[in-house]
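As a plain string of letters, each chain reads:
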Amino acid sequence: ISTLAEKLPQIVETKSVSDVKPVISKTKEEDDEYYDDFFESALQAGEESNVDIVAVGNDFFSVEAGRKVGQRAVKNEYVIEKQGFEELFSLYHQFTRTIWGKLYRLNVLQYMDKGKLGKLRYGGDTIFVQEAFLRSKCVVLKNTVGHRYYINPKSVSYELDVDRIISEDRLFERAVEY
């Protein structure tokens, strides 16, 4: 399904996801897999904690090696309120790099500054997530793993060209703003 970042301008303009139809994507970037209980457990955590974003850990699976090679996760569950974002940045910054492994409350998406998102060949999801965190009042980091990312050397992430350099410059600028 197309990424939420691609659909965000349409969601923001209509203030509704009801008319936004998912698009099946057949690109070389099909490198994500959600575990069976991700959506149910993330929704439950969001409702119980009344948070704007639920983030879970990720397993990293090497396509070349054919095995799990790493994990991004926290040992304890953390509920971070707006006033703690700056103080706890070193704890949650790893979760602001990728759009996957998260569930977002619709009101956060609706009130994001879509002008800040722009179009990048690489790293647009980082800008998306940082903007979502800035619009959030409360975020929960679950101590569970709900997503698998397939590391593939044929991914756009491993291509180096002028557009990638431009993207890296914009990511740096955005990180300083954040």
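Refer to the preceding data block for the structure.
Attention in this report is confined to the structure presented alongside it. All figures in this text were calculated on a predicted structure; none of them were measured in a lab.

1. Quick word on helix H6 (residues 162-177)
Now for step 1: The terminal C-alpha atoms of H6 lie 23 Å apart, and with 16 residues this matches the ideal 22 Å at 1.5 Å per residue to within 8%.
Now for step 2: Burial in H6 covers these residues: Arg164, Ser167, Leu171 and Arg174. Within H6, the buried residues cover an arc of 85° as seen down the axis, which keeps them to one side. Pointing more than 90 degrees away from the buried face of H6 are the exposed residues Val162, Phe172 and Val176.
Now for step 3: On its buried face, H6 is in contact with helix H5 (124-135).
Now for step 4: The opening residue of H6 is aspartate 161, an N-cap whose side-chain oxygen sits 3.2 Å from the backbone nitrogen of aspartate 163.

2. Quick notes on the pairing of strand S2 (residues 53-62)
Now for step 1: Burial analysis of S2 places nine of its 10 residues in the buried class, which makes it a mostly covered element.
Now for step 2: Alignment of S2 against strand S5 (residues 102-104), held across three bridges, turns out to be antiparallel. Opposite alanine 55, over in S5, you have lysine 102 as the bridge partner.
Now for step 3: Here S2 runs beside strand S6 (residues 138-151); their pairing, made up of nine bridges, is parallel. Considered in S6, the bridge of glycine 57 is made with valine 145.
Now for step 4: As paired elements, S2 and strand S3 (residues 67-72) share five bridges and run antiparallel to each other. Residue pairing for S3: serine 62 is matched across the bridge by arginine 67.

3. Quick notes on the nonpolar core
Now for step 1: Tyr104, Phe128 and Leu141 are the most contacted members of the largest nonpolar core, which totals 21 residues.
Now for step 2: Elements with a contribution of two residues or more to this core: S2, helix H4 (106-110), H5 and S6.
Now for step 3: The biggest single contributor to this core is H5, with four residues.
Now for step 4: Setting aside its immediate chain neighbours within four residues, leucine 141 contacts Ala55, Val74, Asn76, Glu77, Tyr78, Ile80, Leu91, Tyr92 and Phe95.

4. Considering the side chain of threonine 98
Now for step 1: Relative to the helices and strands, threonine 98 resides in the loop between helix H3 (89-92) and S5.
Now for step 2: Here threonine 98 is in contact with Arg72, Tyr104, Asp125 and Val129, once residues within four sequence places are set aside.

5. Topic: H5
Now for step 1: With 12 residues, H5 should reach 16 Å at 1.5 Å per residue; the first-to-last C-alpha distance of 17 Å fits that figure.
Now for step 2: Every buried residue belonging to H5 is among Thr126, Ile127, Phe128, Val129, Gln130, Glu131, Ala132 and Phe133, and all of these are buried.

6. Concerning the packing of aromatic side chains
Now for step 1: Tallied over the entire structure, the rule returns 12 aromatic pairs.
Now for step 2: Judged by centre distance (6.1 Å) and plane angle (75°), the rings of phenylalanine 60 and tyrosine 149 are edge-to-face. Taken as a pair, phenylalanine 60 in strand S2 and tyrosine 149 in strand S6 lie far apart in primary sequence, 89 residues in all.
Now for step 3: A relative accessible area of 11% means that tyrosine 149 is categorised as buried.
Now for step 4: Relative to tyrosine 150, the ring of phenylalanine 61 lies with its centre 5.4 Å away and its plane at 70°, an arrangement referred to as edge-to-face.

7. Section: the pattern of salt bridges
Now for step 1: Tallied over the entire structure, the rule returns seven salt bridges.
Now for step 2: In this structure, lysine 68 and aspartate 59 form a salt bridge, with 3.4 Å as the shortest nitrogen-oxygen distance.
Now for step 3: By relative accessible area, which is 10% here, aspartate 59 ends up buried.
Now for step 4: The closest approach of N and O atoms between glutamate 131 and arginine 174, which form a salt bridge, is 3.0 Å. Placement of glutamate 131 in helix H5 and of arginine 174 in helix H6 is noted, with a sequence separation of 43 residues between them. Side by side, glutamate 131 and arginine 174 carry an identical accessibility label, which is buried.
Now for step 5: Ionic contacts of the salt-bridge type, sharing partners, join the residues Glu131, Arg135 and Arg174 into one network.

What counts, and at which threshold
Residues numbered from 1 in each chain as written. Predicted model: local features only at pLDDT ≥ 70, side-chain atom pairs only at ≥ 80, totals over all residues. Heavy atoms only, no water. Helix = DSSP H or I, 4+ residues; strand = E, 2+ residues; numbered from the N terminus. Expected span 1.5 Å × (residues − 1). Buried < 20%, exposed > 50% of the residue type's maximum accessible area, 1.4 Å probe, protein only. Arc of directions from axis to C-beta. Contact = heavy atoms within 4.5 Å. Polar contact = N/O pair within 3.5 Å; in protein donor to acceptor, adjacent residues only side chain to side chain. Pairing = 2+ DSSP bridges. Core = buried A, V, L, I, M, F, W, Y, C linked by side-chain atoms within 4.5 Å. Phe/Tyr/Trp six-rings, centres within 6.5 Å; stacked < 30°, edge-to-face > 60°. Salt bridge = Lys/Arg side-chain N within 4 Å of Asp/Glu carboxyl O.

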